[in-house]
Amino acid sequence: GQQVMQIPQYQHVQEGEDFTTYCNSSTTLSNIQWYKQRPGGHPVFLIQLVKSGEVKKQKRLTFQFGEAKKNSSLHITATQTTDVGTYFCAGNNNDMRFGAGTRLTVKP
Amino acid sequence: NAGVTQTPKFQVLKTGQSMTLQCAQDMNHEYMSWYRQDPGMGLRLIHYSVGAGITDQGEVPNGYNVSRSTTEDFPLRLLSAAPSQTSVYFCASSSLGQPQETQYFGPGTRLLVL
């Protein structure tokens, strides 16, 4: 069945450093979504990518969808303490499969 | 709009007990789903529904039942609780009868099975 792998599992950065998390699917995806979950909270939708090679930006966040629609990345430029949380990708191909998430901690 | 609401927030069960986790949304979304979240494993889809009267199994359906008698409500039933069902349960909804639109998550139910 479809599997979605996400790396790294944890990332600790100094405030101001960049951060990237990667998502890989075993099958071609129709789209991919990214979510952020703060500690103790629920997942909150960030963005959806649909097109092959698509790149979308939200302020300091840049999202990419691979040409083969099997991988994606989220890059945060100049992290802030408010970026703390776990970032999940979710690949959609008939049903939604979430990656295990990357937990980001930021040292002030 | 209240969005997606879940009750209870916390629950402790003994092995073998049954219970129902409630989920409701007021956004008139066709698609609703249940996930469980365990440490290091992300969210795993339990069951989902694309409309009233229609349900289907997700990745980990065993030990859980669902029904969708109305558009608004999508309860999750644990028939005979087991310690392996200790987890955080999230309900989510989205429009267009597909998960391809933004999924809105409820606040979650934290379940402990002793």
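Described in the following lines is the structure provided in the data block. (Residues numbered from 1 in each chain as written. Chains lettered and ligands numbered in written order. Predicted model: local features only at pLDDT ≥ 70, side-chain atom pairs only at ≥ 80, totals over all residues. Heavy atoms only, no water.)

## With respect to the pairing of strand β3 (residues 19-25) of chain B
All names here are of chain B. Threshold: When accessible area is computed with a 1.4 Å probe and restricted to protein chains, residues below 20% of their type maximum are described as buried, those above 50% as exposed, and intermediate ones as partly exposed. A run of H or I in DSSP becomes a helix once it reaches four residues, and a run of E becomes a strand once it reaches two; helices and strands are each numbered from the N terminus. Only when DSSP finds a minimum of two bridges between them are two strands counted as paired.
What you see with β3 is a clean split: Met19, Leu21, Cys23 and Gln25 sit on the buried side and Thr20, Gln22 and Ala24 on the side with no burial. Relative to β3, strand β1 (residues 4-7) is paired through four bridges, and the arrangement is antiparallel. Looking at β3, one finds that Thr7 is bridged to Gln22.

## Focus on the interface of chain A and chain B
Definition in use: Contacts are residue-level and defined by heavy atoms, with any inter-residue pair within 4.5 Å sufficient. In short, buried area is how much 1.4 Å probe accessible area vanishes from two parts on joining, totalled over both. Whenever a carboxyl oxygen of Asp or Glu lies within 4 Å of a side-chain nitrogen of Lys or Arg, that contact is scored as a salt bridge. A 3.5 Å cut-off defines polar contacts: any pair of N or O atoms within that distance qualifies, except that in protein one atom must be a possible hydrogen donor and the other a possible acceptor, and neighbouring residues in sequence count only when both atoms are side-chain atoms. Asp, Glu, Lys and Arg are counted as charged, while Ala, Val, Leu, Ile, Met, Phe, Trp, Tyr, Cys and Pro are counted as nonpolar; the rest, among them Gly, fall into the polar class.
Of the residues lining the interface, 20 residues belong to chain A; the matching set on chain B comes to 18 residues. Carbon and sulfur atoms make up 53% of the area that chain A and chain B hide from each other, which totals about 1,500 Å². In terms of surface lost to chain B, no three residues of chain A exceed His42(A), Met96(A) and Phe98(A), which account for 29% of the buried area on that side. In this assembly, chain A and chain B are joined by one salt bridge. The tally of links from chain A across to chain B stands at two residue pairs in polar contact (both at pLDDT 80 or more). Secondary-structure elements contributing two or more residues to the side of chain A that touches chain B are β4 (31-37), β5 (44-49), β9 (85-93) and β10 (95-98) of chain A. Classifying every residue of the side of chain A that touches chain B gives seven nonpolar, eleven polar and two charged.

## With respect to the pattern of salt bridges
Any two side chains of opposite charge can pair if their charged atoms end up close together. All names here are of chain B. Applying the stated criterion to the full structure yields five salt bridges over all chains. Its salt-bridge partner being Asp38, residue Arg36 comes within 3.0 Å of it at the nearest N-O pair. Here Arg36 and Asp38 have matching classes, each one buried. Salt bridges sharing common partners tie together Arg36, Asp38 and Arg44.

## Description of the environment of Thr5(B)
Residue and element names in this part refer to chain B. Structurally, Thr5 can be placed in strand β1. According to the relative accessible area criterion, Thr5 is partly exposed, its value standing at 36%. Expressed as a C-alpha distance, the spacing of Thr5 and Cys91, which sit 86 residues apart in the sequence, is 8.2 Å. Sequence-distant contacts of Thr5, defined by excluding residues within four places in its chain, comprise Gln22, Cys23, Ala24 and Pro107.

## Observations regarding the side chain of His29(B)
Within the element layout of this structure, His29(B) appears in the loop between β3 and β4 (31-37). Setting aside chain neighbours within four positions, we find His29(B) in contact with Arg68(B), Thr71(B), Ser93(B), Ser94(B), Ser95(B) and Tyr104(B).

## Focus: the sheet that holds strand β7 (residues 64-66) of chain B
Residues and elements named next belong to chain B. How we decide: Axes here mean lines fitted to C-alpha atoms, for a helix over just the part in contact, with angles spanning 0 to 180 degrees between N-to-C directions.
Taken together, the four strands give an open sheet; going across it, the order is β1-β3-β8-β7, and neighbouring strands pair in antiparallel fashion. A single partner strand is all that each edge strand has here, and the edge strands are β1 and β7. Across the sheet, the axes of successive neighbouring strands diverge by a mean angle of 20 degrees, strand direction being ignored.

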